[in-house]
Amino acid sequence: DAGAGPGVRPAFGAVHLVCLVSASDYDALLPTLSRYCHRVSAYHRSAATEFASLERELPFVQDIFDAGIDYARELTGDGDAPGDYYLMMTNADICLTSTYFAELDGIIAGRPGARAVTVNRKTVEDYEVPEPMGDTLEARHEAASDLARRGEAMVAARRWTKHGGVDCFVLHSSIAEGLDLGRLFVGYPPWDWTLREVVETLDGSGRH
């Protein structure tokens, strides 16, 4: 529900998108991302600022979670108290199918008491990337939408291969708000498997 305001609890009927980008990219990406995201936030510490041997501005996982948690707490109106919601983290290059949240809801409903789910992506190949019919945001949006529809059709036709990494983490607030992931950052395997082991140890949950 894109029109949801303060006091509305996030749920599968009201999915809210928080986009976290590096401070150096914030100004350039804000005009586009603000069309799609309920909130666009910037992270200021990165692997590059914390480790002298690294140059890439890779974000820390805890900072990603904190951006979502802060927004969810504002929506639930609970301030500093834990809310009752699910927090999902995935990369910007992961395309969700139109039935993704319904399927995820079914997975969680089928596992009473489940507080965490990790998801592996399906990789589609040999597809043609459509060129935008112009340089406007609307033209780029339509090209991206067309690409997403093609990818979804390939998934439905089972023209995909299984990817070995973990690309999506779904955590209930009772787990997400209790995590302290220190300086674990994305981009260098096996960060995803490390995080998977952490959340599944806490919850005893499975992958999909």
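Anything mentioned here points back to the structure above.
All values reported here derive from a predicted model rather than from experimental measurement. Here the residue numbering is sequential within each chain, running from 1 through the sequence in written order. Local features in this predicted model are restricted to residues of pLDDT 70 or higher, and side-chain atom pairs are both shown and tallied only at a pLDDT of 80 or more, whereas totals for entire chains, interfaces and linings draw on every residue. With hydrogens and water stripped out, all remaining heavy atoms of the structure feed into the side-chain values.

Chemist: So what exactly am I meant to see when it comes to the pattern of salt bridges here?
Modeler: Side chains that carry opposite charge are capable of pairing whenever their charged atoms lie near each other. The term salt bridge refers to a side-chain nitrogen of Lys or Arg lying within 4 Å of a carboxyl oxygen of Asp or Glu. This model, assessed by the stated rule, comprises 11 salt bridges. Measuring nitrogen to oxygen at the nearest pair gives 3.5 Å for the salt bridge that ties Arg-35 to Glu-138. Taken together, the residues Arg-35 in the loop between helix H1 (23-33) and strand S2 (39-43) and Glu-138 in helix H5 (residues 137-156) connect sequence positions 103 residues apart. Overall, the relative accessible area of 48% leaves Glu-138 in the partly exposed class. Between Arg-196 and Glu-197 there is a salt bridge, with its nearest N and O atoms 2.8 Å apart. Here's how the labels work: a residue is buried when its accessible area is under 20% of the maximum for its type, exposed when over 50%, partly exposed in between, all with a 1.4 Å probe on protein chains only. By relative accessible area, which is 11% here, Arg-196 ends up buried. Overlapping salt bridges, with partners in common, bring together Arg-196, Glu-197 and Glu-200 in one network. Counting from the N terminus, the helices are the DSSP runs of H or I reaching at least four residues and the strands are the DSSP runs of E reaching at least two.

Chemist: It is not clear to me how the side chain of Ser-173 should be interpreted in this structure. Could you clarify?
Modeler: By secondary structure assignment, the location of Ser-173 is in helix H6 (residues 173-176). By the convention used here, residues are in contact when the closest approach between their heavy atoms is within 4.5 Å. Those residues within four positions of Ser-173 in sequence are excluded, and the remaining contacts are Gly-83, Asp-84 and Tyr-85.

Chemist: What is the right way to read helix H4 (residues 100-109) from this model?
Modeler: Helical geometry: 3.6 residues make up each α-helical turn, so side chains three or four residues apart lie on a common side. Taken residue by residue, H4 has Tyr-100, Leu-104 and Ile-108 as its buried positions. Looking straight down H4, one finds that the buried residues subtend no more than 65° of arc, so they occupy a single side. Turned more than 90 degrees away from the buried face of H4, the exposed residues are Ala-102 and Ala-109. Looking at the buried positions of H4, the neighbouring elements they touch are strand S3 (86-90), strand S4 (116-119) and strand S7 (168-172). Working definition: the arc comes from the directions between the helix axis and the C-beta atoms, pointing outward to the latter.

Chemist: Please clarify how the side chain of Ser-22 should be interpreted in this entry.
Modeler: Considering the arrangement of structural elements, one finds Ser-22 in strand S1 (residues 18-22). Beyond its immediate chain neighbours, meaning those up to four positions away, Ser-22 contacts Ala-42, Tyr-43 and Glu-57.

Chemist: Sorry, what's going on with the sheet that holds S4 here?
Modeler: Hydrogen bonds along the backbone pair up the strands of a sheet, which may run parallel or antiparallel. Here we have 3 strands laid out as an open sheet, ordered S3-S7-S4, and antiparallel in their pairing. On the outer flanks of this sheet lie S3 and S4, each paired with one strand and no other. Averaged over all adjacent pairs, the angle separating strand axes in this sheet is 10°, with direction ignored. Note on pairing: two strands pair once DSSP finds at least 2 bridges between them. In terms of strand pairing, S4 meets S7 through 4 bridges, oriented antiparallel. To obtain each axis, a line is fitted to C-alpha atoms, and for helices this fit is confined to the stretch in contact; angles are then taken between N-to-C directions over 0 to 180 degrees.

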